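# Reading the structure
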Amino acid sequence: MSEETYELTAPAPAMPHLRVAILGTGKMGGILLQAFLKNNLLSPEQIFATVHHPERAQALSVQYGIEMTTDNLAAASQADVILLGVKPVQVPALIEQIRPALSPSKVVISIAASVKTRSIEDGAGCDLAVIRAMPNTPAMLAAGITALCAGRFVSEEQMAIAQRIFQTVGRTVVVDEKHMDAVTGLSGSGPAFLYIIIEALAEAGVNVGLPRDVATLLAAQTTLGSARMVLETGYHPALLKDAVTTPAGCTVDGILELEEGGLRVTLIKAVKRATQRARELANG
């Protein structure tokens with residue numbers, strides 16, 4: 001019997017005809033870049049990215065096998081979808097810089113907090129499709145949630161592309177732009193609020209005699225499991241809470257302490273304050 005040889009090749013990318021530029025490959029831009037490659041959404045040849053320093057561009061180019069430069073205009077010129085990964089204050093200058101590469105056939109997705117789609121459209125000087133995105137830091141583990149809103153010139157197909165892009169780092173939800181500041185206050189700032197809760201639960205465990213590592217594991221996994229119960233059962237959190245709370249049991253005494261301490265009201269106020277701050281930043 002003759003020997004057969006097989007050539008191992010990488011599977012075709014999920015979106016083989018899409019070219020994406022990441023302008024400002026910082027923390028979130030880097031997370032997205034890695035997710036695109038890890039999930040085989042795009043091949044390295046489909047990605048064009050930029051950073052500020054030439055030395056870092058060279059290092060990342062070698063690391064990921066993509067075209068990484070410091071030239072934003074060149075990267076934008078080669079792409080169908082342009083991701084803006086710079087700080088909010090840098091967005092106007094970046095749009096001015098890449099304006100020659102912008103046209104109604106391209107999509108710009110901005111992850112800059114509080115920057116309105118209208119301001120990017122106006123800076124582009126054409127009927128540009130602009131999508132505003134608010135991911136959060138659990139995207140690092142593909143456990144994030146990204147809220148998306150469409151500018152005036154975005155088609156359903158273009159929004160579907162944006163959803164597919166951000167599904168590589170977690171779930172997505174589409175909202176009206178008027179809700180984006182509230183999204184920032186809830187899911188953008190929310191991980192920090194939850195880390196405080198996990199830390200406090202772990203400290204409580206230590207206080208009642210548990211080793212710190214055990215207490216931290218119990219607190220973190222309990223938080224993760226409880227979140228999955230909400231997401232996967234579809235039940236209201238109050239119903240799930242009642243299922244744990246037996247009459248005259250331990251849990252109801254703990255809940256009374258939480259209510260007396262004002263935890264519920266404090267969390268609501270924290271989200272409201274973070275939302276207010278996002279609105280202040282959006283209005284300059």
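Look a little higher up for the structure.
Cut-offs and rules
- What you see as residue numbers is a count from 1 along each chain, following the sequence as written.
- Totals for whole chains, interfaces and linings use all residues, but because this is a predicted model, local features are given only for residues with pLDDT of at least 70 and pairs of side-chain atoms are given and counted only at 80 or more.
- Derived side-chain values reflect all non-hydrogen atoms in the structure, with water molecules and hydrogen atoms excluded from consideration.
- Put simply, DSSP H or I for four residues or longer makes a helix, DSSP E for two residues or longer makes a strand, and each gets a number counted from the N terminus.
- Using a 1.4 Å probe on the protein chains alone, a residue whose accessible area is under 20% of its type maximum counts as buried, one over 50% counts as exposed, and one in between counts as partly exposed.
- We call two residues in contact when some of their heavy atoms are within 4.5 Å.
- Throughout, the Shrake-Rupley method with a 1.4 Å probe supplies accessible areas, and for residues the shown protein chains are the sole cover considered.
- Within this scheme the basic residues Lys and Arg register as positive and the acidic residues Asp and Glu register as negative, but His and the chain ends are omitted.
- For charged residues, the charge sits on one atom: NZ in Lys, CZ in Arg, CG in Asp, CD in Glu.
- Paired strands, in this sense, are two strands between which DSSP finds at least two bridges.
- If you view a crossover with the strands going away from you and the path from the first strand over the helix to the second runs clockwise, you call it right-handed.
- Polar contact criterion, stated in full: a pair of N or O atoms within 3.5 Å, where within protein one must be able to donate a hydrogen and the other to accept it, and residues adjacent in sequence count only if both atoms are side-chain atoms.
- Angles here are taken between N-to-C directions and fall from 0 to 180 degrees, while the axes themselves are lines fitted to C-alpha atoms, restricted in helices to the stretch in contact.
- The labels follow the angle: roughly parallel below 35 degrees, roughly antiparallel above 145, roughly perpendicular from 65 to 115, and oblique for the rest.
- Each crossing gets its hand from how the near helix is turned against the far one by less than a right angle, where anticlockwise is left-handed and clockwise is right-handed.
- When two cysteine sulfur atoms are found within 2.5 Å, that pair is recorded as a disulfide.
- Note that patches include only residues with greater than 30% relative accessible area and no salt bridge, and the join distances are 9 Å for like charges and 5 Å for nonpolar side chains (Val, Leu, Ile, Met, Phe, Trp, Tyr).
- Salt bridges are defined as contacts in which a side-chain nitrogen from Lys or Arg sits within 4 Å of a carboxyl oxygen from Asp or Glu.
- The arc refers to the directions leading from the helix axis to the C-beta atoms.

## Considerations on the overall build of the protein
- When helices and strands are counted, the protein shows 12 helices and 8 strands.
- Summarising its shape, the C-alpha atoms of the protein cover approximately 70 × 65 × 35 Å along the three principal directions.
- Sorting the 284 residues of the protein into buried and exposed places 37% on the buried side.
- Of all intrachain contacts in the protein linking residues separated by at least 6 positions in sequence, the fraction that spans at least 24 positions is 64%.
- On the protein, roughly 16,800 Å² of surface is accessible, and the fraction owed to carbon and sulfur atoms is 59%.
- Taking the 23 positively charged and 27 negatively charged side chains of the protein as two groups, their mean positions are separated by 8 Å.

## Re the pairing of strand S1 (residues 20-23)
- Covered by surrounding structure in S1 are Val20 and Ile22 together with Ala21 and Leu23, the residues of both alternating faces.
- Of the pairings in the sheet, the one linking S1 to strand S2 (residues 47-50) comprises 4 bridges and is parallel in character. Across the sheet, the residue bridging to Leu23 is Thr50, located in S2.
- One crossover worth recording links S1 to the parallel S2 by way of helix H1 (residues 27-38), and it is right-handed.
- Alignment of S1 against strand S4 (residues 81-84), held across 4 bridges, turns out to be parallel.

## Describing the side chain of Asn136
- Tracing the sequence through the fold places Asn136 in the loop between strand S6 (129-134) and strand S7 (144-150).
- With relative accessibility at 7%, the residue Asn136 sits in the buried group.
- Reaching out from Asn136, the side chain makes a polar contact with the backbone nitrogen of Ile145 at a distance of 3.0 Å.
- Once residues within four sequence positions are removed from consideration, Asn136 is found in contact with Met28, Gly144, Ile145, Ser187, Gly188 and Pro191.

## So, the packing of helix H7 (residues 180-188) against helix H12 (residues 263-282)
- The N-to-C vectors of H7 and H12 enclose an angle of 135 degrees; their axes lie 8 Å apart at closest approach. Of the possible angle classes, the one that applies to H7 and H12 is oblique. The chirality of how H7 crosses H12 is right-handed. For the pair H7 and H12, contact is made by Asp181, Ala182, Thr184, Gly185 and Leu186 and by Val271, Ala274, Thr275, Ala278, Arg279 and Ala282, respectively.

## Some points on the state of the cysteines
- According to the stated counting rule, one finds 0 disulfides in the structure shown.
- Take Cys126: it sits in no disulfide, and the sulfur closest to it among the cysteines is that of Cys149, at 18 Å.

## Side note on a nonpolar patch on the surface
- Taken together, the side chains of Val208, Leu210, Val214 and Leu218 present a nonpolar region at the surface, about 340 Å² in accessible area.
- Locating Val208 in the fold gives a position in the loop between helix H8 (190-207) and helix H9 (212-233).
- With relative accessibility at 67%, the residue Val208 sits in the exposed group.

## Some points on the pattern of salt bridges
- The tally for this structure, following the rule as stated, stands at 10 salt bridges.
- The partner of Arg152 in a salt bridge is Glu121, and the shortest N-O contact between them spans 2.7 Å. In this pair, Arg152 is assigned in the loop between S7 and helix H6 (156-166) and Glu121 in helix H5 (residues 117-124), connecting sequence segments 31 residues apart.
- A residue is classified by how much of its surface remains accessible, and Arg152, at 47% relative accessible area, is partly exposed.
- The residue Glu280 makes a salt bridge to Arg277 at a minimum N-O spacing of 3.2 Å. Residue Glu280 and its partner Arg277 are both found in helix H12; the two are separated by 3 residues, about one turn of the helix.
- A relative accessible area of 34% means that Glu280 is categorised as partly exposed.
- When salt bridges with common partners are traced through the structure, they connect Arg132, Glu177 and Asp181 into a single cluster.

## What to know about H6
- Taken together, the buried positions of H6 are Gln158, Met159, Ile161, Ala162, Ile165 and Phe166. For H6, the angular spread of buried residues about the axis comes to 155 degrees, placing them on one side. What points out from H6, more than 90 degrees from its buried face, is the exposed set Glu156 and Glu157.
- The elements touched by buried residues of H6 are H1, S4, strand S5 (107-110), S6, S7 and strand S8 (170-174).

## Remarks on the sheet that holds S6
- One open sheet accounts for 8 strands, arranged S3-S2-S1-S4-S5-S6-S7-S8; its pairing is mixed. Every interior strand has two partners, whereas the edge strands, strand S3 (67-69) and S8, have only one. When the angles between neighbouring strand axes are averaged without regard to direction, this sheet yields 20 degrees.
- Sitting on the sheet, H6 is in contact with S4, S5, S6, S7 and S8, with an inclination near 165 degrees to S7.

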